[in-house]
Amino acid sequence: MSDRLEPAPNDLRAFWMPFTANRQFKKQPRMFAAAKDMHYTTTEGRKVLDGTSGLWCCNAGHGRPLITEAIQKQAAELDYAPAFQIGHPKAFELANRLVDLAPDGMDHVFFTNSGSESVDTALKIALTYHRVNGQGERTRLIGRERGYHGVNFGGISVGGISGNRKMFGSMLNGVDHMPHTHFPEQNAFTRGVPEHGGDIADELEKICALHDPSTIAAVIVEPVAGSTGVLIPPTGYLQRLRKICDKHGIILIFDEVITGFGRLGENFGADYFGVTPDLMTTAKGLTNGVIPMGAVFVKKEIHDAFMNGPEHLIEFFHGYTYSGNPMACAAALGTLDTYAEEGLLTRAADMASYWEDALHDLKDCPNVIDIRNVGLIGAIELSPVEGEPAKRGFEAFVKAFDMGCLIRITADTIALSPPLIIEKNHIDELMGCLRKVLNEVA
Ligand SMILES: Cc1ncc(COP(=O)(O)O)c(C=O)c1O
């Protein structure tokens, strides 16, 4: 007898779902069949308000016509072009549009297919840059505790979430981690950027002293750490990192996979915090999540250092079959058009104070030990059930889904990142739903 599964439309066994409690899900599936603007529709026809932009990616909401039309047209016109040694016009058009949005001096873009690939690409660019620049001894990479940089081996090596690392062996050599920036005793219930803790950036100096800065290639941080449960950098923290990196010739990488494309009310987190990195990784909001795509933004000096040697030789031995894929480029151009037409890259700034007030109103709900916010990002941290971490958070997630709201959880922290088209009535609906949820999981 073969073990082959019976093909049946409702058979959930074959698909091993990513980052999912598969057994729980398959007993009690949560399925979306459609989406428009701020709402999903489940396979049972129930509406669910999107409190998380899918997975922090559908910044313009769902079913947006310019994106749909761009993809349809592209599929009929040019479905695929080889990514190596051949181009197509939309990849160049998109790169130019993107550098126009980027902080000054970030003049080049390398295309990938995801945030994880953007991170590994940025780490490779940093290592190669030092090598072509005559400093090949700079090989160490510095991440941060509680950081999330995707799931590829480079990203989990510099990442700092133990659950994402512990099963996967020794990972990259020569990686160290700075301390995280979470100081709940001093900063709990801060509205916006917390005051306390910016000086923790100086720990980077200690890491430099330990290894000698001449061995360090790059430092990578998320401007706002998302996946670990939303940690907002304390005042002055990113500025201090920038200063230390400059002092020692270390490349500073901002992982802007969630902060890019308007989440904080400016184009990028770099703009919001007023600190320009040397490399910037993006994905998600680049195509509104519609087609997988990532982009690494690169400072001119770094790019130009590669452009040496005979002209017929490849300058950077890296790339993906789908780097700059025509369908993804069309989706990204449709997304940028949507952002521009509706002013979405700055809309979070207009909505931020209503969002902040509504979120912090939940302070009196049971088990809430912290609330954090910046731009259109919010987090509600719940005290864990004794001896069963993550249980209360998971229960809140399932209940919210049943009550018509999509939220994210990391252990016992609820994370919110709604589409940037959100209106005040949606914010009221989301917070009203969460109030009920928090009262029920008590
Ligand atoms: C900061 C950051 N970097 C990288 C990634 C990985 O992106 P992807 O899942 O597209 O590989 C994520 C995903 O949430 C992220 O938040």
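Nothing here was measured: the structure is a model prediction, and the numbers come from that model.

(A) A look at the sheet that holds strand 15 (residues 413-416). Overall, antiparallel pairing links the four strands, which are arranged 11-12-15-14 in an open sheet. With one partner strand each, in any of the chains shown, strand 11 (368-374) and strand 14 (408-410) form the two edges of the open sheet. On average, each strand axis in the sheet is inclined to that of its neighbour by 20°, with strand direction left out of account. Relative to strand 15, strand 14 runs antiparallel, the two sharing three bridges. Paired with Arg408 across the bridge in strand 15 is Ala415. This element, helix 14 (residues 391-402), spans strand 12 (377-382), strand 14 and strand 15 of the sheet and lies at about 175° to strand 14.

(B) Molecular detail of the pairing of strand 12. Among the six residues that make up strand 12, six are buried, leaving the element largely enclosed by the rest of the structure. Summarising the sheet, strand 11 and strand 12 pair through six bridges and their orientation is antiparallel. Paired with Asn373 across the strands is Gly378, a residue of strand 12. Counting the residues that bridge the hairpin from strand 11 to strand 12 gives two residues, and of these Gly375 lies at a positive phi of roughly 50°. As defined by bridge partners, strand 12 adjoins strand 15 across four bridges and the pair is classed as antiparallel. Within the sheet, the bridge partner assigned to Gly378 lies in strand 15 and is Leu416.

(C) Local environment of the sheet that holds strand 2 (residues 39-42). Taken in spatial order, the four strands of this open sheet run 1-2-3-13, and their pairing is mixed. Of all strands in the sheet, those with a lone pairing partner are strand 1 (32-36) and strand 13 (405-406), marking the two edges. Judged from the three bridges that link them, strand 2 and strand 3 (residues 47-50) form a sheet pairing that is antiparallel. Note that in strand 3 the partner of His39 across the bridge is Leu49.

(D) Layout of the site of the ligand. Taken together, 14 residues lie around the ligand, and Ser114, Gly115, Ser116, Gly150 and Val257 are the ones closest in. With three residues, the top contributor of residues to the shell around the ligand is helix 5 (residues 115-132).

(E) The packing of helix 14 against helix 15 (residues 424-440), seen in detail. Following both chains from N to C, one finds helix 14 and helix 15 inclined at 135°, their axes separated by 9 Å at the closest point. When the axes of helix 14 and helix 15 are compared, the pair comes out oblique. Relative to helix 15, the crossing made by helix 14 is right-handed. Seen from helix 14, the contacting residues are Ala396, Lys399 and Ala400; seen from helix 15, they are Cys433, Leu434, Val437, Leu438 and Glu440. For the contact of helix 14 with helix 15, the per-class residue count stands at six nonpolar, no polar and two charged.

(F) Quick peek at the domain arrangement of the chain. Partitioning the chain into domains gives domain 1 (22-59 + 344-440) and domain 2 (68-342). The gap between the C-alpha centroids of domain 1 and domain 2 is 26 Å. Opposite the 32 residues of domain 1 that make contact, domain 2 presents 30 residues. Among the elements of the structure, helix 2 (53-56), helix 13 (347-360), strand 11, strand 12 and strand 15 are those that each provide at least two residues to the side of domain 1 that touches domain 2.

(G) Focus on the environment of Phe25. Among the structural elements, Phe25 can be located in helix 1 (residues 22-27). Under the C-beta neighbour-count criterion, Phe25 is labelled partly exposed, with 14 such atoms within 10 Å. For the pair Phe25 and Gly159, spaced 134 residues apart in sequence, the C-alpha to C-alpha distance is 27 Å. Apart from the residues within four sequence positions on either side, Phe25 is in contact with Met17 and Thr20.

(H) Focus on helix 3 (residues 65-77). Taking 1.5 Å as the rise per residue, helix 3 with 13 residues should run 18 Å; its terminal C-alpha atoms sit 18 Å apart, in good agreement. Here helix 3 has its buried residues at Leu66, Ile67, Ala70 and Gln74. All buried residues of helix 3 lie within an arc of 95° about the axis, which places them on one face of the element. Of the residues in helix 3, the exposed ones pointing more than 90 degrees away from the buried face are Pro65, Gln72 and Ala76. Against helix 12 (326-342) lie the buried residues of helix 3.

Rules of the game
- Residues numbered from 1 in each chain as written.
- Predicted model: local features only at pLDDT ≥ 70, side-chain atom pairs only at ≥ 80, totals over all residues.
- Pairing = 2+ DSSP bridges.
- Helix = DSSP H or I, 4+ residues; strand = E, 2+ residues; numbered from the N terminus.
- Axes fitted to C-alpha atoms, helices over the stretch in contact; angles between N-to-C directions.
- Contact = placed C-beta atoms within 7 Å.
- Buried ≥ 20, exposed ≤ 12 C-beta atoms within 10 Å, placed from the backbone.
- Near = placed C-beta within 6 Å.
- Parallel < 35°, antiparallel > 145°, perpendicular 65-115°, else oblique.
- Left-handed = near helix turned anticlockwise from the far one by under 90°.
- Nonpolar A, V, L, I, M, F, W, Y, C, P; charged D, E, K, R; others polar.
- Domains from an automatic or database assignment.
- Expected span 1.5 Å × (residues − 1).
- Arc of directions from axis to C-beta.

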